[in-house]
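Single-letter residue listing:
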Amino acid sequence: GQQLNQSPQSMFIQEGEDVSMNCTSSSIFNTWLWYKQDPGEGPVLLIALYKAGELTSNGRLTAQFGITRKDSFLNISASIPSDVGIYFCAGLQDSGNTGKLIFGQGTTLQVKP
Amino acid sequence: DAGITQSPRHKVTETGTPVTLRCHQTENHRYMYWYRQDPGHGLRLIHYSYGVKDTDKGEVSDGYSVSRSKTEDFLLTLESATSSQTSVYFCAISLTGDSTDTQYFGPGTRLTVL
(Lines give C-alpha, C1' and ligand atoms only; values in the text may rest on other atoms or scores of the structure.)
Protein backbone atom coordinates (compact mmCIF):
# COMPACT_ATOMS: atom_id res chain seq x y z
CA GLY A 1 0.00 0.00 0.00
CA GLN A 2 0.90 3.64 -0.13
CA GLN A 3 3.18 4.95 2.55
CA LEU A 4 4.16 8.21 4.06
CA ASN A 5 7.69 8.38 5.36
CA GLN A 6 7.78 10.47 8.48
CA SER A 7 10.98 11.60 10.15
CA PRO A 8 12.47 11.69 12.61
CA GLN A 9 10.94 8.71 14.45
CA SER A 10 11.63 10.30 17.80
CA MET A 11 13.06 13.47 19.28
CA PHE A 12 14.24 14.36 22.74
CA ILE A 13 14.71 18.08 23.14
CA GLN A 14 15.14 20.76 25.76
CA GLU A 15 12.24 23.02 26.65
CA GLY A 16 12.41 26.19 24.58
CA GLU A 17 13.99 24.57 21.54
CA ASP A 18 12.36 24.56 18.13
CA VAL A 19 11.26 21.29 16.55
CA SER A 20 10.95 20.29 12.92
CA MET A 21 9.51 17.09 11.46
CA ASN A 22 8.51 16.14 7.94
CA CYS A 23 6.67 13.67 5.78
CA THR A 24 7.45 12.57 2.26
CA SER A 25 5.69 10.33 -0.20
CA SER A 26 6.09 9.01 -3.71
CA SER A 27 2.41 9.85 -4.32
CA ILE A 28 0.65 13.16 -4.71
CA PHE A 29 -1.84 14.22 -2.05
CA ASN A 30 -4.50 16.91 -2.23
CA THR A 31 -4.65 17.48 1.50
CA TRP A 32 -2.06 17.18 4.23
CA LEU A 33 -3.05 16.96 7.87
CA TRP A 34 -1.02 17.03 11.05
CA TYR A 35 -2.33 15.32 14.19
CA LYS A 36 -1.09 15.05 17.75
CA GLN A 37 -1.82 12.07 19.96
CA ASP A 38 -1.52 12.13 23.73
CA PRO A 39 -1.12 8.83 25.63
CA GLY A 40 -4.39 6.91 25.84
CA GLU A 41 -6.20 9.32 23.55
CA GLY A 42 -7.18 9.53 19.91
CA PRO A 43 -5.33 11.79 17.47
CA VAL A 44 -6.36 15.44 17.53
CA LEU A 45 -6.13 17.60 14.44
CA LEU A 46 -3.53 20.39 14.65
CA ILE A 47 -3.32 21.84 11.16
CA ALA A 48 -4.93 21.10 7.79
CA LEU A 49 -3.33 22.11 4.48
CA TYR A 50 -5.31 22.17 1.25
CA LYS A 51 -3.13 23.88 -1.38
CA ALA A 52 0.36 23.22 -2.69
CA GLY A 53 2.76 25.77 -1.23
CA GLU A 54 0.35 26.72 1.54
CA LEU A 55 1.95 27.78 4.82
CA THR A 56 -0.37 27.72 7.82
CA SER A 57 0.18 28.58 11.47
CA ASN A 58 -1.67 27.61 14.61
CA GLY A 59 -0.07 29.33 17.60
CA ARG A 60 3.48 28.03 17.89
CA LEU A 61 2.88 25.47 15.15
CA THR A 62 3.60 26.10 11.48
CA ALA A 63 3.07 23.62 8.69
CA GLN A 64 3.64 23.75 4.97
CA PHE A 65 2.19 21.83 2.04
CA GLY A 66 5.08 21.06 -0.29
CA ILE A 67 5.02 22.55 -3.76
CA THR A 68 5.34 19.09 -5.36
CA ARG A 69 2.34 17.91 -3.26
CA LYS A 70 4.47 14.98 -2.13
CA ASP A 71 5.70 16.35 1.17
CA SER A 72 4.87 18.45 4.20
CA PHE A 73 6.63 19.67 7.29
CA LEU A 74 5.60 20.75 10.76
CA ASN A 75 7.56 23.15 12.94
CA ILE A 76 6.99 23.78 16.64
CA SER A 77 8.64 26.87 18.04
CA ALA A 78 9.74 27.36 21.64
CA SER A 79 8.68 23.91 22.80
CA ILE A 80 7.02 23.43 26.18
CA PRO A 81 6.46 20.25 28.24
CA SER A 82 2.84 19.87 27.09
CA ASP A 83 4.09 19.45 23.51
CA VAL A 84 5.05 15.90 24.48
CA GLY A 85 3.23 13.30 22.42
CA ILE A 86 3.20 11.54 19.07
CA TYR A 87 2.79 13.66 15.96
CA PHE A 88 1.35 12.13 12.82
CA CYS A 89 1.20 13.44 9.31
CA ALA A 90 -1.62 12.19 7.12
CA GLY A 91 -2.34 12.59 3.44
CA LEU A 92 -5.69 12.53 1.73
CA GLN A 93 -6.29 11.81 -1.93
CA ASP A 94 -9.43 12.45 -3.87
CA SER A 95 -10.86 9.03 -4.46
CA GLY A 96 -14.57 9.25 -5.15
CA ASN A 97 -15.13 11.20 -1.96
CA THR A 98 -14.05 8.33 0.26
CA GLY A 99 -11.67 10.36 2.39
CA LYS A 100 -9.07 7.62 2.82
CA LEU A 101 -6.31 8.97 5.00
CA ILE A 102 -2.78 7.58 4.72
CA PHE A 103 -0.77 8.08 7.91
CA GLY A 104 2.92 8.41 8.57
CA GLN A 105 4.50 6.25 11.24
CA GLY A 106 4.59 9.10 13.75
CA THR A 107 7.23 11.21 15.49
CA THR A 108 7.48 10.79 19.25
CA LEU A 109 8.43 14.05 20.92
CA GLN A 110 9.82 14.28 24.41
CA VAL A 111 10.57 17.64 26.01
CA LYS A 112 12.92 17.99 28.93
CA PRO A 113 11.93 20.83 31.29
CA ASP B 1 -14.55 17.41 21.37
CA ALA B 2 -16.31 15.83 18.45
CA GLY B 3 -19.12 13.73 19.90
CA ILE B 4 -17.55 10.32 19.38
CA THR B 5 -17.56 7.51 21.91
CA GLN B 6 -16.15 4.03 21.61
CA SER B 7 -17.04 0.97 23.62
CA PRO B 8 -15.59 -0.91 25.24
CA ARG B 9 -12.45 1.13 25.96
CA HIS B 10 -10.50 -1.98 26.93
CA LYS B 11 -11.08 -5.63 26.17
CA VAL B 12 -9.15 -8.85 26.67
CA THR B 13 -10.37 -11.89 24.80
CA GLU B 14 -9.17 -15.29 23.70
CA THR B 15 -8.17 -16.48 20.26
CA GLY B 16 -11.13 -17.72 18.27
CA THR B 17 -13.81 -15.73 20.04
CA PRO B 18 -15.98 -13.13 18.27
CA VAL B 19 -15.54 -9.51 19.28
CA THR B 20 -17.61 -6.45 18.40
CA LEU B 21 -16.46 -2.90 18.94
CA ARG B 22 -18.89 -0.01 18.80
CA CYS B 23 -18.45 3.55 17.63
CA HIS B 24 -21.19 6.05 18.40
CA GLN B 25 -21.39 9.63 17.16
CA THR B 26 -23.75 12.47 17.98
CA GLU B 27 -22.63 14.74 15.11
CA ASN B 28 -24.80 13.26 12.35
CA HIS B 29 -21.70 12.93 10.13
CA ARG B 30 -22.11 10.83 7.04
CA TYR B 31 -18.67 9.20 6.98
CA MET B 32 -17.31 6.86 9.64
CA TYR B 33 -14.03 4.97 9.68
CA TRP B 34 -12.30 2.24 11.63
CA TYR B 35 -8.51 2.30 12.01
CA ARG B 36 -6.04 0.17 13.87
CA GLN B 37 -2.87 1.56 15.39
CA ASP B 38 0.25 -0.54 15.83
CA PRO B 39 3.79 0.49 16.73
CA GLY B 40 5.78 1.46 13.66
CA HIS B 41 2.70 1.55 11.41
CA GLY B 42 0.84 4.67 12.40
CA LEU B 43 -2.89 4.27 11.79
CA ARG B 44 -4.21 2.02 9.05
CA LEU B 45 -7.71 2.03 7.66
CA ILE B 46 -9.72 -1.17 8.17
CA HIS B 47 -13.18 -0.29 6.82
CA TYR B 48 -15.20 2.83 6.29
CA SER B 49 -18.82 3.79 5.75
CA TYR B 50 -20.24 6.52 3.54
CA GLY B 51 -23.80 6.15 4.72
CA VAL B 52 -26.29 3.82 6.36
CA LYS B 53 -25.72 0.31 5.01
CA ASP B 54 -22.93 1.63 2.73
CA THR B 55 -19.49 0.32 3.61
CA ASP B 56 -16.23 -0.45 1.87
CA LYS B 57 -12.87 -2.01 2.62
CA GLY B 58 -9.75 -0.19 3.65
CA GLU B 59 -6.10 -1.16 3.58
CA VAL B 60 -6.20 -3.93 6.23
CA SER B 61 -9.73 -5.36 6.07
CA ASP B 62 -8.98 -9.11 6.22
CA GLY B 63 -10.50 -10.70 9.32
CA TYR B 64 -12.85 -7.77 9.98
CA SER B 65 -16.42 -6.96 9.08
CA VAL B 66 -18.49 -3.85 9.73
CA SER B 67 -22.10 -2.82 9.86
CA ARG B 68 -23.90 0.48 9.90
CA SER B 69 -27.63 0.18 10.47
CA LYS B 70 -28.08 3.81 11.56
CA THR B 71 -26.17 7.03 11.09
CA GLU B 72 -24.85 7.25 14.62
CA ASP B 73 -23.44 3.73 15.04
CA PHE B 74 -20.63 1.91 13.24
CA LEU B 75 -19.76 -1.57 14.45
CA LEU B 76 -16.51 -3.42 13.86
CA THR B 77 -16.61 -7.21 14.25
CA LEU B 78 -13.80 -9.68 14.51
CA GLU B 79 -15.55 -12.96 13.68
CA SER B 80 -12.77 -15.08 15.17
CA ALA B 81 -10.14 -13.02 16.93
CA THR B 82 -6.45 -13.79 16.38
CA SER B 83 -3.39 -12.59 18.28
CA SER B 84 -2.38 -10.47 15.28
CA GLN B 85 -5.51 -8.41 15.89
CA THR B 86 -4.20 -7.22 19.24
CA SER B 87 -4.12 -3.49 18.66
CA VAL B 88 -5.65 -0.15 19.52
CA TYR B 89 -8.71 0.56 17.41
CA PHE B 90 -9.85 4.07 16.57
CA CYS B 91 -13.08 5.24 15.09
CA ALA B 92 -13.20 8.50 13.12
CA ILE B 93 -15.93 10.58 11.54
CA SER B 94 -16.08 13.21 8.86
CA LEU B 95 -18.91 15.24 7.42
CA THR B 96 -18.32 15.02 3.67
CA GLY B 97 -15.37 12.64 3.26
CA ASP B 98 -13.79 14.71 0.51
CA SER B 99 -10.30 16.11 0.46
CA THR B 100 -11.27 19.43 2.06
CA ASP B 101 -12.87 17.73 5.03
CA THR B 102 -11.11 16.57 8.17
CA GLN B 103 -11.54 13.48 10.28
CA TYR B 104 -12.15 13.55 14.02
CA PHE B 105 -11.12 10.60 16.12
CA GLY B 106 -12.64 8.82 19.07
CA PRO B 107 -10.71 7.88 22.22
CA GLY B 108 -9.81 4.37 21.07
CA THR B 109 -10.37 0.77 22.19
CA ARG B 110 -7.43 -1.28 23.37
CA LEU B 111 -7.98 -4.92 22.38
CA THR B 112 -5.79 -7.76 23.58
CA VAL B 113 -6.23 -11.22 22.06
CA LEU B 114 -4.57 -13.95 24.10
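Residues numbered from 1 in each chain as written. Chains lettered and ligands numbered in written order. Predicted model: local features only at pLDDT ≥ 70, side-chain atom pairs only at ≥ 80, totals over all residues. Heavy atoms only, no water.

Side note on the sheet that holds strand β8 (residues 73–78) of chain B
All names here are of chain B.
Part 1: Spatial strand order, β1-β3-β8-β7: four strands in an open sheet with antiparallel pairing. With partners counted over all chains shown, the strands left at the sheet margins are β1 (4–7) and β7 (65–70), one partner each. Within the sheet, the average angular offset between the axes of one strand and its neighbour, ignoring direction, is 20 degrees.
Part 2: Note: β1 against strand β3 (residues 19–25), four bridges, orientation antiparallel. Residue pairing across strands places Thr 5 opposite His 24, the latter belonging to β3. (Pairing = 2+ DSSP bridges. Helix = DSSP H or I, 4+ residues; strand = E, 2+ residues; numbered from the N terminus. Axes fitted to C-alpha atoms, helices over the stretch in contact; angles between N-to-C directions.)

What about the interface of chain B and chain A?
Part 1: Counting residues at the interface gives 24 residues for chain B, matched by 23 residues for chain A.
Part 2: Interface area, chain B with chain A, both sides summed: about 1800 Å², of which 54% is carbon and sulfur.
Part 3: Linking chain B with chain A are zero salt bridges, by the criterion used here.
Part 4: There are three residue pairs in polar contact (both at pLDDT 80 or more) connecting chain B and chain A.
Part 5: Across the side of chain B that touches chain A, the residue classes tally to nine nonpolar, eleven polar and four charged. (Contact = heavy atoms within 4.5 Å. Buried area = accessible area lost by both parts, 1.4 Å probe. Salt bridge = Lys/Arg side-chain N within 4 Å of Asp/Glu carboxyl O. Polar contact = N/O pair within 3.5 Å; in protein donor to acceptor, adjacent residues only side chain to side chain. Nonpolar A, V, L, I, M, F, W, Y, C, P; charged D, E, K, R; others polar.)

Points about the pattern of salt bridges
Part 1: Inspection of the entire model under this criterion finds six salt bridges over all chains.
Part 2: With its nearest N and O atoms 2.8 Å apart, the salt bridge here joins Asp83(A) to Arg60(A). Here Asp83(A) is found in the loop between β8 (71–76) and β9 (85–92), whereas its partner Arg60(A) is found in the loop between β6 (55–58) and β7 (61–65), with 23 residues between them in sequence.
Part 3: You can call Arg60(A) partly exposed: its relative accessible area is 27%.
Part 4: In this structure, Asp73(B) and Lys70(B) form a salt bridge, with 3.7 Å as the shortest nitrogen-oxygen distance.
Part 5: A relative accessible area of 8% means that Asp73(B) is categorised as buried.
Part 6: Several salt bridges converge on common partners, so that one network encompasses Arg22(B), Lys70(B) and Asp73(B). (Buried < 20%, exposed > 50% of the residue type's maximum accessible area, 1.4 Å probe, protein only.)

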